[in-house]
Amino acid sequence: MKISPERVAEIAKLARLELDDDKLTLFAGQFESILNYMETLNELDTSDVEPLYSPVMHSTVLREDVAAKTAERNAVLSNAPQTDGQFFVVPKIV
Amino acid sequence: MSNLYTKSLSEVRSLLLSREVSAEEAVTSCLDRIDATEPKIQALLSVQREEAIAAAKAMDAAGPDADKPLWGVPVTVKDVLCTKGVPTTCGSKILGDFKPFYDAYSVRKLKEAGAVIVGKTNMDEFAMGSSTENSAFHPTRNPWDLSRVPGGSSGGSAASVAASQTFGSLGTDTGGSIRQPASLCGCVGMKPTYGRVSRYGMVAYGSSLDQIGPMTRTVEDNARMLQVIAGHDPKDSTCSDLAVPDYLAALGRADLKGLRIGLPKEFWGKGLDPEVEASCASALNTLKELGAEPVEVSLPHSPYAIAVYYIVATAEASSNLARFDGVRYGYRDADASELLDIYVKSRSKGFGDEVQRRIMLGTYVLSSGYYDAYYRKAAQVRRRIREDYEQALAQCDVLCGPASPVTAWKVGELTDDPLKMYLMDIYTISLNLAGLPGLSLPVGLGRDSGMPVGLQLLGKAFDEATLYSVASVLEKATPTIGTPAGL
């Protein structure tokens, strides 16, 4: 499959990334060889195979839906790039 | 005791409990060794010097506690595991200033067992890599030959253990990231069954593949560490509530009579470097002399494992790493003025090339129109891979093969060719897809390179005890590889 730098730019946009032209060209070539390698899976007929998304054998763990405090506000905010002491701060949206 | 750092974890534990050595002496011995070796290997991203000495002094004042299985033992921890108040960078600029306000479950268990954390180990950024050259801070060197890589992504932990900076380290294994660096650095590395160790507090990469495990210089040391970190944790819904067996009790076996050892034909043929094959074949002969009966088995879908892995892992990575948006923690680009701009600029400047490459591959394989062709298809082949293991392990007690197709390669040798680098995990990756346990232990030095070779033992789900039992017998019957030649 041919992957163009323009296609890489579209994927980057979806992934919230911004790449310069050199990197778009570099990644396009690398993606092509990696995706071609991945396409070796098409040699296998898997039409009757149930997908396996996780190796976990046990069923989903449930607990009572009880609200509980797990962390202090100051601790949660302690790594934020910008806060007002109470909330995370981001640029005005509307 | 001047050469304390050369002892095993189990030996130091005995010396600490009998008060022949104080916790402060043990910690100081490791810190001195770090000072002596770190300029050459750069295995660490941070050293908790003052905190470790203060903790050791407090422990000495209280006296040894035999109920704490790692009382006073200095350890290092891969920088992907959250440590309260101590930097946890994942080898990435985007988390350069991050100091978690809580401990990962496995870190908490180490501390409760009396271990003292002396350093956080270097790693490929977000555990994406096979050589520890993808760290945003610096590459780590192999203690056996400083011109070579230590493997990855737990290369910092492997180098730190091999160089005797610590008595044990925690690594993580998504596609072989404990077993492969253990093999390249001459350590014992265990990737437990998926769900055996809680992933709470581990920064997620490929959530259905990631598993935390110990890296040590001996099999017994490894069993001691897994004993501490294994077990149920309600904070990780994928963590098993099966009882944890006594791993130390598994170590007393005298021989391997009655043990059936499966040899997957796909692991012992084409693509295996002759010096790795020679060392592994010699170990296999030892296993036979000890009474093990070889059984030829097949894992017919293993040639597809790397393609499946890079679809599943990148898909999960693109989702997991969406949380790094410059809002709640991590790097925020100062030039960004709008919200979307914060996301895009912070991520573009904060993530390195390999992480960006994998996020975008994951975004692509999950995108509309391609989901069925890539992600669903990969999940279907993943089931076939697990069925292969189930059928092979129905015929024997453990499987055995090399951990890596080659010994440690030169720094920079593969960095321009990501696909070739991905192929270095060919013997480790399928086990993560199946969720089963695997252990790598050193079995010799390559006759050409003089670098360590690791043999991999693969087992049934939650049967780590058998892996320890077999590895311990083989370890006793195998000449030691000695100390790293590069230091």
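One can find the structure itself at the top, above this paragraph.
J.: Which residues make up the overall build of chain A, and what are the values?
T.: For chain A, the helix and strand inventory stands at 3 helices and 0 strands. Along the chain direction, N to C, the helices and strands of chain A fall in the order α-α-α. Relative to its length of 94 residues, chain A is extended, with a C-alpha radius of gyration of 23 Å against a globular reference of 12 Å. Dimensions of chain A, computed from the C-alpha atoms along their principal axes, are close to 55 × 45 × 25 Å. Counting every position in chain A, which comprises 94 residues, the buried fraction comes to 29%. Looking at chain A alone, contacts between residues at least 24 apart form 28% of all its contacts between residues at least 6 apart. Carbon together with sulfur atoms contributes 52% to the accessible area of chain A, which is approximately 6,600 Å² in total. Across chain A, the centroid of the 9 positively charged side chains sits 13 Å from that of the 16 negatively charged ones.

J.: Tell me what's going on with the sheet that holds strand S5 (residues 188–191) of chain B, and back it up with residues and numbers.
T.: All names here are of chain B. One open sheet holds the 11 strands; their spatial order is S1-S3-S2-S4-S6-S5-S10-S11-S9-S7-S8, and the pairing between them is mixed. At either margin of the open sheet sits one strand with a lone partner, and together these are strand S1 (44–47) and strand S8 (293–297). Taking the axes of each pair of neighbouring strands and ignoring which way they run, one obtains an average angle of 30° across the sheet. Pairing of strand S7 (residues 260–264) with strand S9 (residues 398–402) involves 2 bridges; the strand directions are parallel. Directly across from Ile 261, in S9, lies its bridge partner Val 398. Packing of helix H3 (residues 49–62) onto the sheet brings it into contact with S1 and strand S3 (116–121), and relative to S3 it is tilted by some 160°.

J.: Which residues make up the pairing of S7 of chain B, and what are the values?
T.: Residue and element names in this part refer to chain B. When you tally the buried positions in S7, you get 4 out of 5 residues, the bulk of the element. Where S7 lies against S8, 5 bridges are found, and the strand directions are parallel. The residue bridging Pro 264 from the neighbouring strand is Val 297, located in S8.

J.: So what's going on with the side chain of Arg 386 of chain B? Residues and values would help.
T.: Take Arg 386 of chain B: it is sitting in helix H12 (residues 371–393). In contact with Arg 386 of chain B, not counting residues within four places along its chain, are Leu 52, Pro 55 and Met 57 of chain A together with Ala 434 of chain B.

J.: Can you tell me about the interface of chain A and chain B, naming the residues and giving the values?
T.: Between chain A and chain B, the contact holds 53 residues from the first and 69 residues from the second. Buried area between chain A and chain B, summed over both chains or domains, comes out near 5,400 Å², and the portion from carbon and sulfur atoms is 67%. For the interface between chain A and chain B, the tally reads 2 salt bridges. The salt bridge involving Asp 353 of chain B is made with Lys 23 of chain A; its shortest N-O contact spans 2.7 Å. Inspection of the chain A/chain B interface yields 19 residue pairs in polar contact (both at pLDDT 80 or more). Elements represented by at least two residues in the side of chain A that touches chain B include exactly helix H1 (5–14), helix H2 (21–38) and helix H3 (73–77) of chain A.

J.: Now, about unusual backbone geometry: what can you tell me, with residues and values included?
T.: Residues and elements named next belong to chain B. Backbone torsion omega between Gly 152 and Ser 153 reads 0°, so that peptide bond is classified as cis. Tracing the chain through its elements places Ser 153 in the loop between S3 and helix H5 (155–162). The phi torsion at Ala 127 lies on the positive side, around 65°, for a residue other than glycine. With respect to the helices and strands, Ala 127 occurs in the loop between S3 and H5. Judged by relative accessible area, Ala 127 falls into the buried class, the value being 5%.

J.: With reference to specific residues and values, describe the pattern of salt bridges.
T.: Residue and element names in this part refer to chain B. Applying the stated criterion across every chain yields a total of 23 salt bridges over all chains. Here Asp 173 ties to Arg 179 by a salt bridge, and the two come within 2.9 Å at their closest N and O atoms. In terms of burial, Asp 173 and Arg 179 fall into one category: buried. Close ionic contact of Lys 257 with Asp 255 constitutes a salt bridge, the shortest N to O distance being 3.3 Å. Look at Lys 257 and you get exposed, because its relative accessible area is 62%. When its relative accessible area of 26% is taken as the criterion, Asp 255 is described as partly exposed.

J.: Outline the packing of helix H8 (residues 274–289) of chain B against helix H15 (residues 464–477) of chain B, supporting the account with residue identities and numerical values.
T.: Residue and element names in this part refer to chain B. The interhelical angle for the contact between H8 and H15, taken along N-to-C directions, is 105°, at an axis separation of 10 Å. Between H8 and H15, the angle is such that the two are roughly perpendicular. Of H15, the residues touching H8 (which contributes Ala 283, Thr 286 and Leu 287) are Val 470, Leu 474 and Ala 477.

J.: I'd like a rundown of the pairing of S3 of chain B, residues and numbers included.
T.: All names here are of chain B. Here S3 lies mainly inside the structure; 6 of its 6 residues are buried. Summarising the sheet, S1 and S3 pair through 3 bridges and their orientation is antiparallel. In the strand pairing of S3, Leu 44 is matched with Thr 121. Taken together, the 5 bridges between strand S2 (residues 74–78) and S3 define a ladder with parallel strand orientation. The residue of S3 that forms the bridge with Lys 78 is Thr 121. What joins S2 to S3 is helix H4 (residues 105–112), and the crossover it makes is right-handed.

J.: Explain the packing of H4 of chain B against helix H7 (residues 219–229) of chain B to me, and be specific about the residues and the numbers.
T.: Residue and element names in this part refer to chain B. Between H4 and H7, the least distance of the axes is 8 Å, while the angle of their chain directions is 110°. In terms of orientation, H4 and H7 fall into the roughly perpendicular class. In this structure, H4 crosses over H7, and the sense of that crossing is right-handed. In this structure, H4 contributes Tyr 105, Ser 106, Lys 109 and Leu 110 to the contact, and H7 contributes Met 225, Val 228 and Ile 229. When the residues that make up the contact of H4 with H7 are grouped by side-chain class, the tally is 5 nonpolar, 1 polar and 1 charged.

So, how was this worked out
- Residues numbered from 1 in each chain as written.
- Chains lettered and ligands numbered in written order.
- Predicted model: local features only at pLDDT ≥ 70, side-chain atom pairs only at ≥ 80, totals over all residues.
- Heavy atoms only, no water.
- Helix = DSSP H or I, 4+ residues; strand = E, 2+ residues; numbered from the N terminus.
- Rg over C-alpha atoms; globule rule 2.2 N^0.38 Å.
- Buried < 20%, exposed > 50% of the residue type's maximum accessible area, 1.4 Å probe, protein only.
- Contact = heavy atoms within 4.5 Å.
- Areas by Shrake-Rupley, 256 points an atom, 1.4 Å probe, with all protein chains shown as cover.
- Lys, Arg positive; Asp, Glu negative; His and termini not counted.
- Charge placed at Lys NZ, Arg CZ, Asp CG, Glu CD.
- Pairing = 2+ DSSP bridges.
- Axes fitted to C-alpha atoms, helices over the stretch in contact; angles between N-to-C directions.
- Buried area = accessible area lost by both parts, 1.4 Å probe.
- Salt bridge = Lys/Arg side-chain N within 4 Å of Asp/Glu carboxyl O.
- Polar contact = N/O pair within 3.5 Å; in protein donor to acceptor, adjacent residues only side chain to side chain.
- Parallel < 35°, antiparallel > 145°, perpendicular 65-115°, else oblique.
- Right-handed = clockwise from strand over helix to strand, strands pointing away.
- Left-handed = near helix turned anticlockwise from the far one by under 90°.
- Nonpolar A, V, L, I, M, F, W, Y, C, P; charged D, E, K, R; others polar.

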